[in-house]
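Coordinates in review
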Amino acid sequence: MKQYLLYLRDHLRETFELRAFLGIVGLLVLLIVLNYSIELEDYYIDRLFFESPIRTLLYFLLQAGSFLLAAIIIGHSSKTGLSFLSNRMFWFYLLITFGIYAFDRGFYAHLYLREFFPKKIQIPLLYFIAELRSLLTIFLPFLLFYLAYDKKHINHFYGIKRKGVNWKPYLLMLLIMLPFIGLASTTDAFQSTYPIYGRIKGHLLAGYFDVSESWVILIYEFFYGLDFLNTELFFRGVLVFIFVRFLGPKAIYPIAVTYCVCHFGKPPLEAVSSFFGGYILGVISLKSENIWGGVFIHAGIALLMEIFALVV
């Protein structure tokens, strides 16, 4: 644990500048107020353009735009400068990385599979497939991109390594988060969002296939947890190890901003806290060159939220 605290201390000493920090805070406040006051994501993106290619474009503008604005603030408000804006490779990577992520967020082709399912279990089966689709829309595209293009720039698959993970500090972090998750689970916003399993009508699968609902819950929660591998690969792997080349270690700040933005469909408190979580996990990933700790923490918190919501 001490090593990770040193990572955070060293990163703050190396990168913190008051003007840049205040600029980032101002941008976050503006984005959060805008989203939750007019339901930008829930209504204007997810509802109006559901099953439309425009949804992918809007997600690209939202995620890439928030990252770019934060990067400009960091550059303009510090000694870093804005030289990265004249670097064609910066724009190339911005288009590729956020293009793939927007494709994943706006993906709806799997919905056409519902015609092949019995009507009674269409909803839960589609949710199960949705939890696995990122293996095809995030993991596979970035693996191919890494092997075909980026392997010469980095000697690991964006932080996915088999060695060098110390699990004990992450377990301690998870235990520290436990009472806060328990407290959050008592709020109306939390209870209207979680458990995710409750919204997918998984009990219909249990009845249709005549199996214990406990098995359906376990399988779904496993798929749900597995999906965080793709989230960590993108936010703590791809973005960190690509954009640190252009922005230096300060890249963690705009990455944390766009990570907060990806939580705009969640309760406001969760969105705000995701910025700080994104910063901490981003620094640890950058310093350790490994994302597995983030996968453990992220999936662990999400599954604990599911457990609290199921039992409360």
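On a predicted model such as this, the values are computed, not experimentally measured, just so you know.

1. As for the packing of aromatic side chains
Evaluation of the coordinates by the stated rule reveals 37 aromatic pairs. Relative to Y158, the ring of Y146 has its centre 5.5 Å away and its plane inclined at 65 degrees; by these criteria the two rings are edge-to-face. Of this pair, Y146 sits in helix α7 (residues 134-148) while Y158 sits in the loop between α7 and α8 (167-184), and the two are 12 residues apart along the sequence. As far as burial versus exposure is concerned, Y146 and Y158 are alike and both buried. Judged by centre distance (5.1 Å) and plane angle (80 degrees), the rings of Y208 and F209 are edge-to-face. Assessed through its relative accessible area of 48%, F209 is described here as partly exposed. Positioned above the aromatic ring of Y259, the side-chain terminus of R236 is 4.1 Å from the ring centre.

2. Points about the nonpolar core
Counting residues in hydrophobic clusters, the biggest one holds 93 residues, and the most contacted among them are Y158 and F243. Examining the composition of this core, we find that 17 residues originate from one element, helix α12 (residues 213-247), more than from any other. Among residues more than four places away in sequence, those in contact with F243 are F67, F90, Y93, L94, T97, F98, G248 and A251.

3. What about the environment of I291?
Mapping I291 onto the fold places it in the loop between α14 (268-288) and α15 (292-311). Residue classification places I291 among the buried residues on the basis of a relative accessible area of 1%. Sequence spacing of I291 and E232 is 59 residues, and the spatial spacing of their C-alpha atoms is 6.6 Å. The residues contacting I291, other than those within four sequence positions of it, are Y158, G159, I160, E232, L233, R236, G237 and S285.

4. Observations concerning unusual backbone geometry
At Y158, a residue that is not glycine, the phi angle is positive and equals roughly 50 degrees. Judged by its relative accessible area of 0%, Y158 is buried. For D210, which is not a glycine, the phi torsion comes out positive at approximately 55 degrees. When you line up the elements, D210 lands in the loop between α11 (203-209) and α12.

5. Observations regarding a nonpolar patch on the surface
Taken together, the side chains of M1, L5, W167, L171, L172, L175, I176, M177, L178, F180 and F296 define a hydrophobic patch exposed on the protein surface, amounting to about 980 Å² of accessible area. If one sorts the elements of the nonpolar patch by residue count, α8 sits on top with eight residues.

6. Looking at the confidence of the model for the chain
Considering every residue of the chain, the mean pLDDT works out to 89; 99% of them sit at 70 or more. Within the chain, no element has a lower average pLDDT than helix α9 (residues 188-193), which sits at 75, and none a higher one than helix α13 (residues 252-261), at 97.

7. Let's talk about the packing of α13 against α14
Interaxial distance between α13 and α14 falls to 8 Å at its minimum, and their mutual angle equals 140 degrees. Classified by the interaxial angle, the pair formed by α13 and α14 is oblique. For α13 against α14, the interelement crossing comes out right-handed. Here I252, Y253, A256, V257, Y259 and C260 of α13 lie close against α14, whose contacting residues are A271, S274, F275, G278, Y279, G282, V283 and L286. Residue classes in the contact of α13 with α14 are distributed as 11 nonpolar, three polar and no charged.

Basis of the calculations
Residues numbered from 1 in each chain as written. Predicted model: local features only at pLDDT ≥ 70, side-chain atom pairs only at ≥ 80, totals over all residues. Heavy atoms only, no water. Phe/Tyr/Trp six-rings, centres within 6.5 Å; stacked < 30°, edge-to-face > 60°. Helix = DSSP H or I, 4+ residues; strand = E, 2+ residues; numbered from the N terminus. Buried < 20%, exposed > 50% of the residue type's maximum accessible area, 1.4 Å probe, protein only. Lys NZ or Arg CZ within 6 Å of the ring centre and 35° of its normal. Core = buried A, V, L, I, M, F, W, Y, C linked by side-chain atoms within 4.5 Å. Contact = heavy atoms within 4.5 Å. Patch = residues over 30% accessible without salt bridge, like charges linked within 9 Å, V, L, I, M, F, W, Y side chains within 5 Å. Areas by Shrake-Rupley, 256 points an atom, 1.4 Å probe, with all protein chains shown as cover. Salt bridge = Lys/Arg side-chain N within 4 Å of Asp/Glu carboxyl O. pLDDT = per-residue confidence, 0-100. Axes fitted to C-alpha atoms, helices over the stretch in contact; angles between N-to-C directions. Parallel < 35°, antiparallel > 145°, perpendicular 65-115°, else oblique. Left-handed = near helix turned anticlockwise from the far one by under 90°. Nonpolar A, V, L, I, M, F, W, Y, C, P; charged D, E, K, R; others polar.

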